[in-house]
Amino acid sequence: LENTGQSNAPMLGNRKIESCLELGAGLGLPSIVATRHGVPRVIVTDTDEEMDVMKGLDKSMRCNLSKEQYAKQVSVEALDWCHPREELIEKLVQ
């Protein structure tokens with residue numbers, strides 16, 4: 001990731017990064033880095049089989065990002081790969 005200073009979104013090579021999807025995020029470190037580098041839309045996912053996983057992920061994102069970054073750029077979502085929710089799939093393809 002490189003923030004060129006020419007726009008709010010960072011560049012990866014010669015491509016502007018508009019969004020980021022992290023699968024199996026754990027504590028969400030790649031998503032935290034992407035958000036801090038200015039990626040406008042970051043979707044962070046992990047399993048909801050154990051609620052502690054989602055609570056830990058959400059807490060990690062909130063503790064490592066500003067309130068504004070979390071509110072404007074980040075969406076923390078439970079994702080079951082065997083039974084994905086239709087509304088999450090729609091959110092991912094927007």
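Our subject is the structure listed above.
All values derive from a computational prediction rather than experimental measurement.

Visitor: Is there a simple way to explain the nonpolar core in this structure?
Guide: The nonpolar side chains of a soluble globular protein tend to be buried, and buried together. Core analysis: the largest hydrophobic core is formed by 14 residues, its most contacted members being V39, V42, V44, L57, M61, L65 and V74. Those elements giving two or more residues to this core turn out to be helix 1 (29-36), strand 4 (41-46), helix 2 (51-64) and strand 5 (74-78). Not counting residues up to four positions away in its chain, the partners in contact with V44 are E22, A25, G28, S31, L57, M61, V74, S75, V76 and E77.

Visitor: Is there a simple way to think about helix 1 in this case?
Guide: What sets the pattern is the α-helix's 3.6 residues per turn: residues three or four places apart point alike. Turning to helix 1, its buried residues are S31, I32, A34 and T35. Seen end-on, helix 1 carries its buried residues on one side only, within an arc spanning 165 degrees. In helix 1, the exposed positions angled more than 90 degrees off the buried face are occupied by L29, P30 and R36. The positive-phi residue at the C-terminal boundary of helix 1 is G38, with phi of around 95 degrees.

Visitor: I would appreciate a short explanation of the side chain of E77 in the present structure.
Guide: Looking at the secondary structure, you find E77 in strand 5. Within polar-contact distance, the side chain of E77 engages the side chain of S75 at 2.8 Å. Ignoring anything within four residues of it in the chain, the contact list for E77 reads I43, V44, T45, D46, M54, R85, L88 and K91.

Visitor: Looking at this structure, how should I read the pattern of salt bridges?
Guide: Pairing is possible between side chains of opposite charge, provided their charged atoms come close. Overall, the coordinates contain 3 salt bridges when judged by the stated rule. The shortest N-O distance in the salt bridge between E18 and K16 comes to 3.7 Å. We classify K16 as partly exposed; its relative accessible area is 44%. A salt bridge links D58 to R62; the nearest nitrogen and oxygen atoms lie 2.8 Å apart. Here R62 and D58 lie together in helix 2, a separation of 4 residues that amounts to about one turn. Look at D58 and you get partly exposed, because its relative accessible area is 22%. On the basis of relative accessibility, which here comes to 48%, the residue R62 falls in the partly exposed class.

Analysis parameters
Residues numbered from 1 in each chain as written. Predicted model: local features only at pLDDT ≥ 70, side-chain atom pairs only at ≥ 80, totals over all residues. Heavy atoms only, no water. Core = buried A, V, L, I, M, F, W, Y, C linked by side-chain atoms within 4.5 Å. Buried < 20%, exposed > 50% of the residue type's maximum accessible area, 1.4 Å probe, protein only. Helix = DSSP H or I, 4+ residues; strand = E, 2+ residues; numbered from the N terminus. Contact = heavy atoms within 4.5 Å. Arc of directions from axis to C-beta. Polar contact = N/O pair within 3.5 Å; in protein donor to acceptor, adjacent residues only side chain to side chain. Salt bridge = Lys/Arg side-chain N within 4 Å of Asp/Glu carboxyl O.

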